[in-house]
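# Close look at the chain arrangement
These are the residues of each chain, in order.
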Amino acid sequence: QVQLVESGGGLVQPGGSPRLSCAASGIIFSIYRMGWFRQAPGKQRELVARITSGGSTNYLDSVKDRFTISRDNAKNTVSLQMNSLKSEDTAVYYCNAQAFTGGPNYWGQGTQVTVSS
């Protein structure tokens, strides 16, 4: 059974730097590309950052230079370091695992990040 468990969300002040983590089980983690998506109220879910099995990364334009995705294959975890948070970063953040394009998509339950003073 595949499980993706996110942690690290919460209420953050503008300019804050929280770190989200996702612990994966039930998959051969090292071969999966891992991603962080987010969904704000009334908006579609969007890809925030992704890291391939080889370590290549890509980011949503609005978070480039502020967010960093990383993975630890020894611990089966993927993290998202978020810096300089803005109100528009408020959303539920979801961890995603997919072995290849068109393959099964696995999702975590999501963690709320609210940016507010």
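Conventions we followed
Residues numbered from 1 in each chain as written. Predicted model: local features only at pLDDT ≥ 70, side-chain atom pairs only at ≥ 80, totals over all residues. Heavy atoms only, no water. Salt bridge = Lys/Arg side-chain N within 4 Å of Asp/Glu carboxyl O. Pairing = 2+ DSSP bridges. Helix = DSSP H or I, 4+ residues; strand = E, 2+ residues; numbered from the N terminus. Axes fitted to C-alpha atoms, helices over the stretch in contact; angles between N-to-C directions. Buried < 20%, exposed > 50% of the residue type's maximum accessible area, 1.4 Å probe, protein only. Lys, Arg positive; Asp, Glu negative; His and termini not counted. Polar contact = N/O pair within 3.5 Å; in protein donor to acceptor, adjacent residues only side chain to side chain. Contact = heavy atoms within 4.5 Å.

## Focus: the pattern of salt bridges
Note on pairing: side chains with opposite charge can pair once their charged atoms come close. Tallied over the full model, the rule gives four salt bridges. In this structure, Asp61 and Lys64 form a salt bridge, with 3.2 Å as the shortest nitrogen-oxygen distance. Through salt bridges that share partners, Arg38, Glu46, Arg66 and Asp89 make up one connected network.

## Structural notes on the sheet that holds strand S1 (residues 3-7)
One open sheet accounts for four strands, arranged S1-S3-S8-S7; its pairing is antiparallel. At either margin of the open sheet sits one strand with a lone partner, and together these are S1 and strand S7 (67-72). If you compare each strand with its neighbour and ignore which way they point, the axes differ by 15° on average. With five bridges connecting them, strand S3 (residues 19-25) and strand S8 (residues 77-82) associate as antiparallel partners. Paired with Cys22 across the two strands is Val78, which belongs to S8.

## So, the side chain of Arg33
Secondary-structure assignment places Arg33 in strand S4 (residues 33-39). With no salt bridge to any partner, buried Arg33 finds its closest opposite charge in Glu6, at an N-O distance of 16 Å. For Arg33, the side chain forms a polar contact with the side chain of Gln98, separated by 2.7 Å. Once you skip the residues sitting within four places of it in the chain, Arg33 turns out to touch Arg50, Ile51, Thr52, Ser53, Arg71, Asn96, Ala97, Gln98, Phe100 and Thr101.

## A word on the pairing of S7
Side chains Phe67, Ile69 and Arg71 of S7 all project onto a buried face; the interleaved residues Thr68, Ser70 and Asp72 project onto a face where none is buried. Pairing of S7 with S8, which is carried by six bridges, proceeds in the antiparallel orientation. Looking at the pairing, Phe67 lines up with Met82 of S8. Between S7 and S8, which pair antiparallel and follow one another directly, the connecting turn spans four residues, one of which, Asn76, has a positive phi of 55°.

## Structural notes on the environment of Gly35
Take Gly35: it is sitting in strand S4. The exposure class of Gly35 is buried, given its relative accessible area of 0%. It is 8.5 Å that separates the C-alpha atoms of Gly35 and Thr52, two residues lying 17 residues apart in sequence.

## So, unusual backbone geometry
Positioned with a positive phi, Asp65 is a non-glycine residue whose angle comes to about 70°. Relative to the assigned elements, Asp65 resides in the loop between strand S6 (57-59) and S7. Relative accessible area serves as the criterion here: at 84%, Asp65 is assigned to the exposed category. At Ser84, a position not held by glycine, the phi torsion is positive, near 50°. For Ser84, a relative accessible area of 40% translates into the label partly exposed.

## Observations regarding the side chain of Gln81
Within the secondary structure, Gln81 sits in strand S8. Of note is the side chain of Gln81, whose polar atom sits 3.3 Å from the side chain of Arg19. In this structure, Gln81 is in contact with Ser17, Pro18, Arg19, Arg66, Phe67 and Thr68, ignoring residues within four places of it in sequence.

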